[in-house]
Every structure is written in structure tokens, then in C-alpha cells.
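In case you want the letters, here they are:
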Protein chains: 2
Amino acid sequence: MSDSTTVPQENFAQTLADSGLRSTPQREVIYSILLNKRDHPTADEVYARVKAELPTISLATVYNCLETLVGCNLVRAVNFDREPTRYCPNLRPHAHFHDDEAGSTHDIDLPPDLLDRVKAILPPGYNASSIEISFRGRTVPEAANN
Amino acid sequence: MSDSTTVPQENFAQTLADSGLRSTPQREVIYSILLNKRDHPTADEVYARVKAELPTISLATVYNCLETLVGCNLVRAVNFDREPTRYCPNLRPHAHFHDDEAGSTHDIDLPPDLLDRVKAILPPGYNASSIEISFRGRTVPEAANN
DNA sequence: GTGGGAATTAGAATAATTCCAAAGAAACTT
DNA sequence: AAGTTTCTTTGGAATTATTCTAATTCCCAC
């Protein structure tokens, strides 16, 4: 189930506990939904999916849980322009490509040295806590292995 | 007034005309406001500044004009997380750094080859029309020349 | 099994942006 | 220069994503 990019289920509770937080059914299900279908769903989409398992969950809880997971680095939030925030359980360094035609978002793995080179452009005194590299455009199905 | 990063006033009308658009007082003033103070203002901030010169302008027009200028590549829109969109007349390749403490946004010039290297990570079939590299964090005044 | 902090819930509120329909210029046409 | 078309602006309503709030519920420690 887990690969090098994600936190295995058994560490999930621990990671939360490390931040003084509890593992709850809502948090677990939401995290598993993100692992299950890696299509960068929005909060609304997560809400729709989680209701199948927890029919009484509220949208506010979905937002709360997602924010919590982002806060303890179990999940990354991805933003494109004025689009709703999307969520991604891939913790490996990667960029994002947003296909404007399809509306879909894809992970693009980053060569490890490249992230370092990008970080290196910051002048002294600029202390970055996060970096985001994002592309927008079209994917050409014929040309891609896709 | 203009430098290598911006469009000189005399080309402004032409650039609009190339897209079948007119140069209007509202568009001109808004563009000059962006040139004048390069602090990445939001639409609201532009609105406040433009009212000094055009007191009857509406917020909708500010949004319209900014979108128009972005559309014909006179201006770039910059987004950070869920913050309001900011606008920037710097057309040179550059990244953005958002200082969470001060709420300010800074341009970070990109070495020309770096943008190419970043573009090169895209698999075949991924056709990017725009790239954005953005940092969030703090700036440390003591360490910076700033 | 009771008290207290944490978490969830539903709904109201907010903030940024977009939509809409009407009124106002500007530019072509003849 | 009047008429027509097209582009632009305007104010206000509407929309969308998200956050806030207050009330309940849950869970663990005592």
C-alpha cells in the first residue's frame, strides 16, 4: 500500500501524535481516500468520496482534516491560479502540471539536484519554508506514453 | 521609465491593438500604477491607488483591465496559496518569494539556464504554457542586504 | 462515571472574484 | 455627420471556496 512517497498506515497515528493530535476515523478515511486515488482531488471531491464511508461527515470537517494533514506534513496542498486547492499525498519532491483542457493535475518528479539548484537562487536572508514549481498547459496524448 | 523587463509606454497601445483591444485611460493608468510601485499589489490595492486618478472607476473594471493586461502578456498574475492574486509588470523570467511575516512578495531573478532545466523535466507530451516557481517563508533582515 | 480538552458538526459569514445587463465611448460606414 | 457595430465600463447581484462560530459529541485521565 505505501511506497517511498507516502506514510504507511501504521505511522499515520504516530505522526499525528507527534503533533499532539489524535487519529480519528475522519482523518484516517480522508487520508486513505487521498492514497487510494491519486488524482489531486479538491476538498469538495474529497467530501463527495468520504461520504460513501462516513455519510454524516460535514464539509467543515473535511476542510479541518485536510488542513490538519497538511499541517503535519502527511499531505501537500496544491494551488493553481484561482482554482480550488487540491490535495496530494505524494511527499517526494515533485512539481505539478495542470492540464487546462482536461482539468487534471499530474505529479512531475523532480531530479533531486534540481530542487537544490532552485533553492540556491534565493539571495541570503531569504529563508524558504516551501517551494512550489507548477506548470500549466496541455497534454498531447498522441505524443505521450500516457 | 521602461527597462528590459517591461513594455515601454509607446508599445502599450500597440500590444493591445495586436489583440484587437483598445488602449483606454483605465488600462493605461492601471498599467502605470503597476510600473510605478513594483510591490505586487492585489486587485483591491490597485483599485485603491487608481481611484486617486480615476475616482469613478469600478472594482469590476480593475479586474477586467488586469485580466486584459495579463491576457496580452503585459503583466503577470502571481498566486500564493489562498491569497488574493497579485500583479506584476516584470516580464523577465523570475520566481516569486512570499514573506509570510511581512506579507510582501519579492521577485527573484532566474538564471536563464535554470528555467530551461526546469522545463526539461516535463515528460514528452506535456506542453507547458506557463511556469511558476514560488517560495514561501521569512526574510531575515540582519542577514540580507535588504 | 465525571471533567476537560480535542474533534466534529451545521450553518452563518466572509473574501475574492465573476457575472450580468445597461449605459457609454470609439471606430467604421455610408 | 447620423447610424451601426463593437468594445468598454459600471454597479450590483451572484458565485465559489473557504473560514468562522457556537453547540454538541467524543475520548481519555482521573
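Residues numbered from 1 in each chain as written. Chains lettered and ligands numbered in written order. Predicted model: local features only at pLDDT ≥ 70, side-chain atom pairs only at ≥ 80, totals over all residues. Heavy atoms only, no water.

Peer 1: So what about the pairing of strand β5 (residues 126-139) of chain A? Which residues, and what values?
Peer 2: Every regular strand shows the same layout, with side chains that alternate between the two sheet faces. Where strand β3 (residues 94-99) of chain A meets β5 of chain A, four bridges bridge the pair, whose relative direction is parallel. Its bridge partner being in β5 of chain A, F97 of chain A is matched across the sheet by F135 of chain A. Pairing of β5 of chain A with strand β5 (residues 126-139) of chain B, which is carried by 13 bridges, proceeds in the antiparallel orientation. Paired with I131 of chain A across the two strands is F135 of chain B, which belongs to β5 of chain B. (Pairing = 2+ DSSP bridges. Helix = DSSP H or I, 4+ residues; strand = E, 2+ residues; numbered from the N terminus.)

Peer 1: Could you give an account of the protein's contact with DNA strand D, naming the residues involved and the relevant values?
Peer 2: Taken together, 19 residues surround DNA strand D, and among them Y63 of chain A together with R22, T24, R27 and T61 of chain B come closest. Taking all atoms of DNA strand D within 4 Å of the protein, the share assigned to sugar and phosphate is 76%. In the model, a phosphate oxygen of DNA strand D is placed 2.6 Å from a nitrogen or oxygen of the Y63 of chain A side chain. In the environment of DNA strand D, a phosphate oxygen lies 2.8 Å from a nitrogen or oxygen atom belonging to the side chain of T61 of chain B. Counting residues per element, the ones that place at least two in the surface near DNA strand D are α4 (59-71) of chain A together with α2 (25-36) and α4 (59-71) of chain B. Take the surface near DNA strand D: its biggest share by element is four residues, from α4 of chain B. Across the surface near DNA strand D, the residue classes break down as eight nonpolar, seven polar and four charged. (Near = heavy atom within 4 Å. Polar contact = N/O pair within 3.5 Å; in protein donor to acceptor, adjacent residues only side chain to side chain. Nonpolar A, V, L, I, M, F, W, Y, C, P; charged D, E, K, R; others polar.)

Peer 1: Hey, could you go over the protein's contact with DNA strand C for me, with residue numbers and the actual values?
Peer 2: As a structural note, the neighbourhood of DNA strand C is formed by 19 residues, with T24, R27 and T61 of chain A together with Y63 and T85 of chain B the closest of them. Near the protein, within 4 Å, the atoms of DNA strand C are sugar or phosphate in 75% of cases. Backbone polar atom of R22 of chain A to a phosphate oxygen of DNA strand C: 2.9 Å apart, as the coordinates give it. A distance of 2.6 Å separates a phosphate oxygen of DNA strand C from a polar side-chain atom of T24 of chain A.

Peer 1: Outline the sheet that holds strand β4 (residues 104-109) of chain B, listing residues and values.
Peer 2: Where strands meet in a sheet, backbone hydrogen bonds hold them as pairs that are either parallel or antiparallel. Taken in spatial order, the six strands of this open sheet run β4(A)-β3(A)-β5(A)-β5(B)-β3(B)-β4(B), and their pairing is mixed. Strands at the two margins of the open sheet, each flanked by one partner only, are β4 (104-109) of chain A together with β4 of chain B. Averaged over neighbouring strand pairs, the angle between their axes works out to 30 degrees when direction is ignored. Of the strand pairs in this sheet, β3 of chain A and β4 of chain A are connected by six bridges, and their pairing is antiparallel. Paired with H98 of chain A across the strands is T105 of chain A, a residue of β4 of chain A. (Axes fitted to C-alpha atoms, helices over the stretch in contact; angles between N-to-C directions.)

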